[in-house]
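Below, each chain spelled out in residue letters.
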Amino acid sequence: MLKLSHICKKLGNFALTDININIPAGEYFVLLGRSGSGKTQLLELIAGLNEADSGEIWLDNENITRKKIQDRNIGLVFQDYAIFPNMTVFGNIAYSLHCRNLSRKAIGGKVKIIAEELNISHLLNRFTMNLSGGELQRVALARTLITSPKLLLLDEPLASIDASLKDDIKRTLRQLNRKGLTIVHVTHDYGEAVSLATRVGVIHNGHIIQEGTPDIVFKKPVNKFVARYAGIKNFFRVKFFNENGKWKARCDGNLVFSLAKDNYPEEGLMILRNDAIKIQNGEPYKGNDNHFKGIIKEILPSETGMEVMVDAGEMFYIDISLDDFKKLNISDMSEVWISFPAEAGVVLGGNV
Amino acid sequence: MIKYNPFNWILLILSSLVLMFILAPLAGMFLHTGGHELLETVNDKEVQRSIWLTLWVSFAATFLFAFGAIPLSWLLARRNFPFKNIVQGIIDLPIVLPHTAAGIAILGFISRDGFLGKTADLLGLSLINNPAGIALAMAFVSIPFMINSARDGFAAVPERLEKAALSLGASRSRVFFSISLPLAWRSIMTGFIMMFARGMSEFGAVVIVAYHPMIAPVLIYERFSSFGLKYARPASVLFIVIALAVFILLRLISVRKKETHLLPDAET
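Everything numeric here is computed off the predicted structure, so don't read it as measured data.

**Points about the overall build of chain B**
Thinking step 1. Within chain B one finds 13 helices and zero strands.
Thinking step 2. Secondary structure of chain B in N-to-C order comes out as α-α-α-α-α-α-α-α-α-α-α-α-α.
Thinking step 3. Reported as C-alpha extents along the three principal axes, the dimensions of chain B are approximately 70 × 65 × 30 Å.
Thinking step 4. A total of 268 residues make up chain B; the buried ones form 35% of that total.
Thinking step 5. Look at the contacts in chain B between residues 6 or more apart in sequence, and 78% of them connect residues 24 or more apart.

Pasting the structure below:
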């Protein structure tokens, strides 16, 4: 479907470097990155708003690298929708059809169908100034979808929408993808990636640093940057060693972790998912291989329940549900046991 | 509510002085002009012809030069090219030139020895002492107002709207006429009015290119130098009233156009 091959583009002090992505038809690909990581620039290159310095863009086995923007048949929805303020909702949606010189009747019919699909029929005669973020997003989607694009590019489509409307738009996007539309969605929000993507690419400083299914990318991040995106806070700089045939890792603070697999490098960065660590205020959980006694430094509410910060020679961040928190009956400065299985430790490839 | 501290008092006094400076001479002129004299001037065919000439020639000059000025404004707002700053400087040049010097330059250009003059001569047309020559002199001194205002208008149109239109399959020219031009319209109209008003009030450049037919500022000068202040006053008052009426009318027409809110381009 879409293939980016060795794409490079210099933009002032910033550069997209050797971008290679292969997106099969029907995929929902989420490109995740912070602002300034180059994700919007990459979308603009695919759409044809800018030209790459080198590399090739292929769409359905056709090299479109130098193809005119008007002939690419790629739909792009901008971050703040870029709705034309001098036109009504109808005028906005019909814009591309006017460009193709369709008859007034044909335009009216097509606009009506797409407006019904996106639940904006009642807005057609209104100017766009007083529309809500969610309504504007639907108008922008309708305006793009009416061109029947082969590929839909979305630049931060949920960034300017009220939380209550986000689920609505997400549902619409999922439906579009299920109908077979290939989507490339750019965002800085990990939650969007997890809830929408069939595949994720993480972009940082103009490089794609990891690509794969959300499950793999966020459970086995290649480096600290990707791990942080998944909300992981437990990072340990460790030295690996073999003791009686078992691999272990020693932290800077001399804590030693038992590990599950073989063949570790001499040293590296190890992560533990916040929810992989168990916390107990009596005896440690026997099923796990690593047990440490520590003192609770801070307890903060989190999206999933509570985040407990435990000092056990190293600082551990542990996510627990609200029910578990109530059962544990813990507070600041409580003495607790933390434990995690040997398999929980993931060694990262680099340190971004 | 404004607090009456010394700073506010100083601001109030200085601002009032500036406003008085503008209004007092005009008010004096109006007060010294009797109704009878004014009525006589209104019925004076020479004055009528001169005011009409001033209005239509300035309007025609503004209208015709807009066709070149608007694309140039778009280029200045949207494209980067070598020596862009120099081009911008050239556009502003007429504002800083003494207007009589501008008149001399225009005269050289449109006289029979000049390029434009020779070309017009071939068509049996003399640009000197002709409305066409007056229009050129008016346009020369007033075109920076149109270009600068339109340029600011185009620059304020978010580029992503133009990009969105391109991605929807619009040609560059369609994007210009359906997005850039309508969204910059208010600034273009403001520039149009400013150029028209500036052209209408021009004396220095026009008097060198064409003493006759007389535009209103030249007529007022002629009445003053031949008959004195008393005779120049009613023509001045009449011209000011008509110029103000036209100015207000054009302003109202441009303001009545639906206001559109433009958000600046988002950072990426």
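Back to the write-up after that little detour.
**A look at the overall build of chain A**
Thinking step 1. When its secondary structure is counted, chain A shows nine helices and 20 strands.
Thinking step 2. Counting only C-alpha atoms, chain A reaches 80 × 45 × 35 Å along its principal axes.
Thinking step 3. The burial tally for chain A puts 40% of its 352 residues in the buried class.
Thinking step 4. Taking all contacts inside chain A whose residues are at least 6 apart in sequence as the whole, residues at least 24 apart take part in 65%.

**Focus: the environment of Ile279(A)**
All names here are of chain A.
Thinking step 1. Positionally, isoleucine 279 belongs in strand 15 (residues 278-280).
Thinking step 2. Among the residues examined, isoleucine 279 registers 24 C-beta atoms within 10 Å and is labelled buried.
Thinking step 3. Taking the C-alpha atoms as reference points, isoleucine 279 and serine 339, 60 residues apart in sequence, are found 6.6 Å from one another.
Thinking step 4. Contact partners of isoleucine 279, with chain neighbours within four places excluded, come to Val308, Val310, Ile318, Ile320, Leu328, Val336 and Ile338.

**Thoughts on the interface of chain B and chain A**
Thinking step 1. The partner chain A presents 21 residues to the 21 residues of chain B that form the contact.
Thinking step 2. Taken together, the elements giving at least two residues each to the side of chain B that touches chain A come down to helix 8 (159-167) and helix 9 (172-183) of chain B.
Thinking step 3. Classifying every residue of the side of chain B that touches chain A gives 12 nonpolar, six polar and three charged.

**Observations concerning the sheet that holds strand 12 (residues 246-251) of chain A**
Residue and element names in this part refer to chain A.
Thinking step 1. With antiparallel pairing, five strands are arranged side by side in an open sheet as 13-12-11-14-20. Two strands close off the open sheet at either side, each with one partner strand: strand 13 (256-258) and strand 20 (346-348). For this sheet, the mean angle separating the axes of adjacent strands, direction not counted, is 45°.
Thinking step 2. Across three bridges, strand 14 (residues 267-272) lies against strand 20 in antiparallel orientation. When the bridges of strand 20 are listed, methionine 270 appears paired with valine 347.

**Re the domain arrangement of chain A**
Thinking step 1. Entries for chain A in the domain assignment read domain 1 (2-219) and domain 2 (234-348).
Thinking step 2. Domain 1 of chain A and domain 2 of chain A are separated by 41 Å when their C-alpha centres are compared.

**What about the sheet that holds strand 18 (residues 315-320) of chain A?**
Residue and element names in this part refer to chain A.
Thinking step 1. Strand order in the open sheet formed by five strands is 15-19-16-17-18, and the pairing between neighbours is antiparallel. Of all the strands in the sheet, just strand 15 and strand 18 have a single pairing partner and so form its edges. Strand-to-strand, the axes of this sheet are offset by a mean angle of 40°, without reference to chain direction.
Thinking step 2. With six bridges joining them, strand 16 (residues 290-301) and strand 19 (residues 335-340) adopt antiparallel strand pairing. Bridge pairing in strand 19 places glycine 294 opposite valine 336.

**A look at the nonpolar core**
Thinking step 1. In terms of nonpolar packing, the biggest core is built from 154 residues, with Leu153(A), Val206(B) and Val209(B) touching the most fellow members.
Thinking step 2. Top element by residues in this core is helix 7 (residues 131-156) of chain B. It accounts for 14 residues.
Thinking step 3. Both domain 1 (2-219) and domain 2 (234-348) of chain A contribute no fewer than three residues apiece to this core.
Thinking step 4. Beyond its immediate chain neighbours, meaning those up to four positions away, Leu153(A) contacts Leu43(A), Ile46(A), Ala47(A), Ile74(A), Gly75(A), Leu76(A) and Val184(A).

**Some details on the pairing of strand 6 (residues 74-77) of chain A**
All names here are of chain A.
Thinking step 1. Residues Ile74 and Leu76 line one face of strand 6 and the alternating positions Gly75 and Val77 line the opposite face, and both faces are buried.
Thinking step 2. With four bridges joining them, strand 6 and strand 7 (residues 151-155) adopt parallel strand pairing. Paired with glycine 75 across the two strands is leucine 152, which belongs to strand 7.

**Quick notes on helix 9 of chain B**
All names here are of chain B.
Thinking step 1. Relative to the 16 Å expected for 12 residues at 1.5 Å per residue, helix 9 spans 15 Å between its end C-alpha atoms, a close match to the ideal helical length.
Thinking step 2. Phe176, Ser178, Ile179, Ser180 and Leu183 are the residues of helix 9 that are buried.
Thinking step 3. Residues of helix 9 that are buried in the fold lie against helix 3 (45-78), helix 7, helix 8 and helix 10 (185-200).

**Here's the deal with the packing of helix 8 of chain B against helix 9 of chain B**
Residues and elements named next belong to chain B.
Thinking step 1. One can describe the packing of helix 8 onto helix 9 by two numbers: an axis separation of 10 Å at closest approach and a directional angle of 140°. As summarised for this structure, helix 8 and helix 9 are arranged oblique, according to the angle between their axes. Relative to helix 9, the crossing made by helix 8 is right-handed. Taking contact as the criterion, the partners of Leu161, Glu162, Ala165 and Leu166 in helix 8 are, on helix 9, Val175, Ser178, Ile179 and Ser180.

**Some points on unusual backbone geometry**
Thinking step 1. Here the amide bond leading from His212(B) into Pro213(B) is cis, since omega sits at -15°, within 30 degrees of zero.
Thinking step 2. Within the secondary structure, Pro213(B) sits in the loop between helix 11 (204-209) and helix 12 (216-227).
Thinking step 3. The residue Asn244(A) is not glycine, and still its phi comes out positive at about 50°.
Thinking step 4. Mapping Asn244(A) onto the fold places it in the loop between strand 11 (234-243) and strand 12.
Thinking step 5. Residue Asn244(A) is classed as exposed on the basis of its C-beta count, with 5 C-beta atoms lying within 10 Å.
Thinking step 6. Positive phi outside glycine occurs at Asn329(A), with the angle close to 55°.

**Here we look at the pairing of strand 8 (residues 182-187) of chain A**
All names here are of chain A.
Thinking step 1. Taken across its six residues, strand 8 has six buried, putting it largely inside the fold.
Thinking step 2. Burial of the side chains of strand 8 extends over both faces: Thr182, Val184 and Val186 are buried on one face and Ile183, His185 and Thr187 on the other.
Thinking step 3. Across five bridges, the pairing between strand 3 (residues 28-32) and strand 8 is parallel. Within strand 8, the residue paired with tyrosine 28 across the bridge is isoleucine 183.
Thinking step 4. After leaving strand 7, the chain enters helix 5 (residues 163-178) and then returns to the sheet as strand 8, a path that is right-handed.

**Some details on the confidence of the model for chain B**
Residues and elements named next belong to chain B.
Thinking step 1. Of the residues in chain B, 94% reach a pLDDT of 70 or more, and the chain-wide mean stands at 90.
Thinking step 2. Element-level pLDDT for chain B is lowest in helix 6 (residues 115-122), with a mean of 84, against a maximum mean of 96 in helix 3.
Thinking step 3. Scoring the predicted complex yields pTM 0.79 and, for the interface, ipTM 0.78.

**Structural notes on the environment of Leu229(B)**
Thinking step 1. Within the secondary structure layout, Leu229(B) lies in helix 13 (residues 229-256).
Thinking step 2. Here the alpha-carbon distance between Leu229(B) and Gly35(B), two residues 194 residues apart in the chain, equals 16 Å.

**What to know about helix 3 (residues 104-117) of chain A**
Residue pairs three or four apart in sequence face the same way in an α-helix, which turns once every 3.6 residues.
Residues and elements named next belong to chain A.
Thinking step 1. Helix length check: helix 3 (14 residues) gives 20 Å between terminal C-alpha atoms against 20 Å at 1.5 Å per residue, within 8%.
Thinking step 2. Within helix 3, the full set of buried residues consists of Ile107, Val111, Ile114 and Ala115. Taken down its axis, helix 3 places every buried residue within 100° of arc, on the same side. Exposed residues on helix 3 whose side chains face more than 90 degrees from its buried face are Lys105, Ala106 and Glu116.
Thinking step 3. Considering only its buried residues, helix 3 is in contact with helix 2 (89-99) and helix 4 (133-145).
Thinking step 4. Taken from the residues just after helix 3, asparagine 119 is the one with a positive phi, measuring 60°.

Procedures and definitions
- Residues numbered from 1 in each chain as written.
- Chains lettered and ligands numbered in written order.
- Predicted model: local features only at pLDDT ≥ 70, side-chain atom pairs only at ≥ 80, totals over all residues.
- Helix = DSSP H or I, 4+ residues; strand = E, 2+ residues; numbered from the N terminus.
- Buried ≥ 20, exposed ≤ 12 C-beta atoms within 10 Å, placed from the backbone.
- Contact = placed C-beta atoms within 7 Å.
- Nonpolar A, V, L, I, M, F, W, Y, C, P; charged D, E, K, R; others polar.
- Pairing = 2+ DSSP bridges.
- Axes fitted to C-alpha atoms, helices over the stretch in contact; angles between N-to-C directions.
- Domains from an automatic or database assignment.
- Core = buried A, V, L, I, M, F, W, Y, C linked by C-beta atoms within 7 Å.
- Expected span 1.5 Å × (residues − 1).
- Parallel < 35°, antiparallel > 145°, perpendicular 65-115°, else oblique.
- Left-handed = near helix turned anticlockwise from the far one by under 90°.
- Right-handed = clockwise from strand over helix to strand, strands pointing away.
- pLDDT = per-residue confidence, 0-100.
- Arc of directions from axis to C-beta.

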